[in-house]
Structures are given as structure tokens and as C-alpha cells.
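Descriptive analysis of the structure
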Amino acid sequence: MQQIVDDIAAEMLSRPDRGKVATYIPQLACVDPAHFGISVVMEDGTSYNAGDATTPFSIQSISKMFTLTMALGKMGDAVWKRVGREPSGDPFNSIVQLEVEHGRPRNPFINAGAIAIADAIMMGHEPKETLAEILQFMRFLSDDDSVYIDEKVARSEQLTGDRNASLAHFMASFGHFKNPVDKVLGVYFHHCSLAMTCHQLAKAGAFLVSDGTSQLINSKVVGPQRARRINSLMLLCGHYDGSGEFAFRVGLPGKSGVGGGILAVAPGKASIAVWSPGLDVVGNSHLGTLALEQLAEKTGWSVF
Ligand code: DON
């Protein structure tokens, strides 16, 4: 396995086609597109790292899978009153379906859905308390206390977050929100600004490999049915309007972020995180996807 990840990293680090770094969040535009990292954490916790696997990056929308997990833990199936479970087929920050569907976002991974989940997990608490809880959860799952929230990225998002603010106010106009919109947005912007390395992220995803129990931290995070359901949502909605393409090419549940990271899960086998900051046209990591495609091909890990 070490040879496989070394080969993939060597190829990805040398390729000239790197996609385009996200610029709509100015702080992300500063990241060097030359980076590439990969970390594979096997079911038993053994890990294989290559390239920039220990460099922290902004996990962005990958955090939405973890806040969904928290929301399911706090309120169980009541989560599905707030968000649906269907792929949107639209860009991650689209507003068009919200009006027709009465302010209930299609799924928890598009921005509107993740903002609704942020409202759900606050349960009347202040953003600071909710963020401390999210940070604690991420540190617990990754077995690493150095995971942090990048305040510069969070501020950058807040300053340019008009679209997300529109989505949030629009949903609130249907009476769905339990907390003030500005506080909910504060939680959302900050959890998107979690900084983690590929290795930390792959470790944090380990519970989805083995029916909800992370062998790495020896802890049941969710039950088997919930783990299967989170994986199914990642497969169908984890890459927005690029989810079909990702399933076609890679064949694994995965969640992407505009920081260029992707967390993918090979059930019963491994949790995998890749990072390359350059994105394709729909906002998913260009080389990250290619790397996962190669890994799935070499290991036979596709779920199909
Ligand atoms: O709200 C945003 O636009 C970002 N914080 C997250 C978007 C994102 O990562 C979409 N992923 N591909």
C-alpha cells in the first residue's frame, strides 16, 4: 500500500493540470496549487501517507459530513424534517430549489442543507459553545488535539458570505430556524474553516469504514445503520452536481470541499483523504479525484 500511495503522490505532484484554486473565499486563493497529499487509514488503524499528508488545509464542506453525524446523534431521524436526502443536481450554493421546496434543502451537504444542520445542532446554545463541541468531536475522531479552526479563513468567508446569508435568511423566512440567522452563519462559517491534515481527516473518517465503530479510537461513533446511511448520502450527494461523475469514476462514498480536500470511504477496507487545492468546474478537487480514481483502480475498492 505504501508503494501505491507513493506512486500516486509522485504522479500528482508532477502533473501540470492542477485545476483552479477557489477564489470566492479570498483566503483560499492564497493556497499554493502545487500541494498534493494522500492518507490511507486501513480498518485496523494502520496508515499510509504520502506527499503533503501532514500539512493542514481548510476542510470546508467536508465538515458537513461531521456536523450531520452530530445532528443525527442529537436529534435522530428528526433531522430529516429539516433536510432531504436527494441529490440536488445543482451547484453547492444554489438557491433555486429552496423556494419550490418550501425552504427545506434537498440534502445536508449543499450549503443550504448544512446551514440548516448548523441551526439544528446549536439547540439554543451560543456559537462558541457549539463550535467548541464540533472541535472536540473532530479532535476525538482524529485522535489529535492539534485540529483547529482557522480564524482567518472564517473571517474571509464571513466577509464574502452574501450568498450563504441569502440562503439562511430565505430559509428563516419559512420559520424553520430556531436560532438567530447571524449566529447560525457564524457556526457554519467556522466549521467550514476547520484546518486538518489528510492524515487527521482519514483518521476522523475511520468510523464509516467499519459499521460506525472506529477501530482507531476503539469507539462506537454511530450504529451500523447510521453509518450505512451517511455513506449512501456521501455517494449520492457528496460532490454536488459532480456526484454522478465521482461515483462513475471512483465508485466510493466521498465528501469534497472547496479547499481541495476529499474524504472517501471504502467500507470494510479504509478511510482515505486526499488534498490538492486546484478544483474542477463544479468545485471538486481535480487531482484529488484523479488520485482516488487511480487508488480505487489499483486496489479494487470500488463498491460496485
Ligand atoms: O459556504 C461555502 O461556500 C464554503 N464554506 C463551503 C463550500 C464547499 O466546500 C463546497 N464544496 N465543494
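All residue numbers refer to positions counted from 1 along the written sequence of the respective chain. Predicted model: local features are reported for residues with pLDDT of at least 70 only, side-chain atom pairs are reported and counted for 80 or more only, and whole-chain, interface and lining totals are derived from all residues.

**Side note on the site of the ligand**
By convention here, the C-beta atom is placed from the backbone, and a residue is near a molecule or strand when that atom is within 6 Å of it. As a structural note, the neighbourhood of the ligand is formed by 13 residues, with Gln60, Ser61, Cys192, Gly257 and Val258 the closest of them. When the residues that make up the shell around the ligand are grouped by side-chain class, the tally is three nonpolar, nine polar and one charged. The residue makeup of the shell around the ligand includes at least three contributed by each of domain 1 (2-59 + 196-299) and domain 2 (62-192). Note on residue categories: nonpolar means Ala, Val, Leu, Ile, Met, Phe, Trp, Tyr, Cys or Pro, charged means Asp, Glu, Lys or Arg, and polar means any other residue, Gly included. For the domain bounds, the source is a domain assignment made automatically or taken from a database.

**Some points on the domain arrangement of the protein**
The assigned domain composition of the protein is domain 1 (2-59 + 196-299) and domain 2 (62-192). Computed over C-alpha atoms only, the centres of domain 1 and domain 2 are separated by 21 Å. The partner domain 2 presents 31 residues to the 33 residues of domain 1 that form the contact. Every helix listed is a DSSP run of H or I at least four residues long, and every strand listed is a run of E at least two residues long, numbered separately from the N terminus. Those elements that place two or more of their residues in the side of domain 1 that touches domain 2 are α2 (26-29), α11 (198-204), α12 (224-237), β9 (254-256) and β10 (261-266). Classifying every residue of the side of domain 1 that touches domain 2 by side-chain character gives 19 nonpolar, ten polar and four charged. Contacts here follow a simple rule: the backbone-placed C-beta atoms of the two residues must lie within 7 Å.

**With respect to the UniProt feature "binding site: substrate" (unreviewed entry) in the protein**
Under the UniProt annotation, "binding site: substrate" (unreviewed entry) lies at Ser61, Asn111, Glu157, Asn164, Tyr188, Tyr240 and Val258. Here Tyr188 shows up in helix α10 (residues 181-192). With residues near it in sequence (within four places) discarded, Tyr188 still touches Ala114, Ile115, Ala118 and Asn164. Tracing the backbone shows Val258 in the loop between β9 and β10. C-beta crowding within 10 Å serves as the criterion here: with 24 such atoms nearby, Val258 is assigned to the buried category. Contacts of Val258, omitting those with residues within four sequence positions, involve Ala22, Leu28, Gln60, Ser61, Leu279 and Gly283. UniProt positions are given in the numbering used here, feature names are shortened, and annotations may be inferred rather than shown by experiment. Any residue with 12 or fewer other C-beta atoms within 10 Å of its own C-beta is exposed, any with 20 or more is buried, and the rest are partly exposed; the C-beta atoms used are placed from the backbone.

**What about the sheet that holds strand β4 (residues 57-58)?**
Across a sheet, strands are paired by hydrogen bonds formed along the backbone, either parallel or antiparallel in direction. On the basis of which strands lie adjacent, the open sheet formed by three strands has the order β4-β6-β5 and antiparallel pairing. Since the sheet does not close on itself, it has two edges, and those belong to β4 and β5 (148-149), each with one partner. Think of it this way: DSSP has to see at least two bridges between two strands before they count as a pair. In the sheet, β4 pairs with strand β6 (residues 194-196) via two bridges, with the strands oriented antiparallel. Residue pairing in the sheet places Phe57 in a bridge with Met196 of β6.

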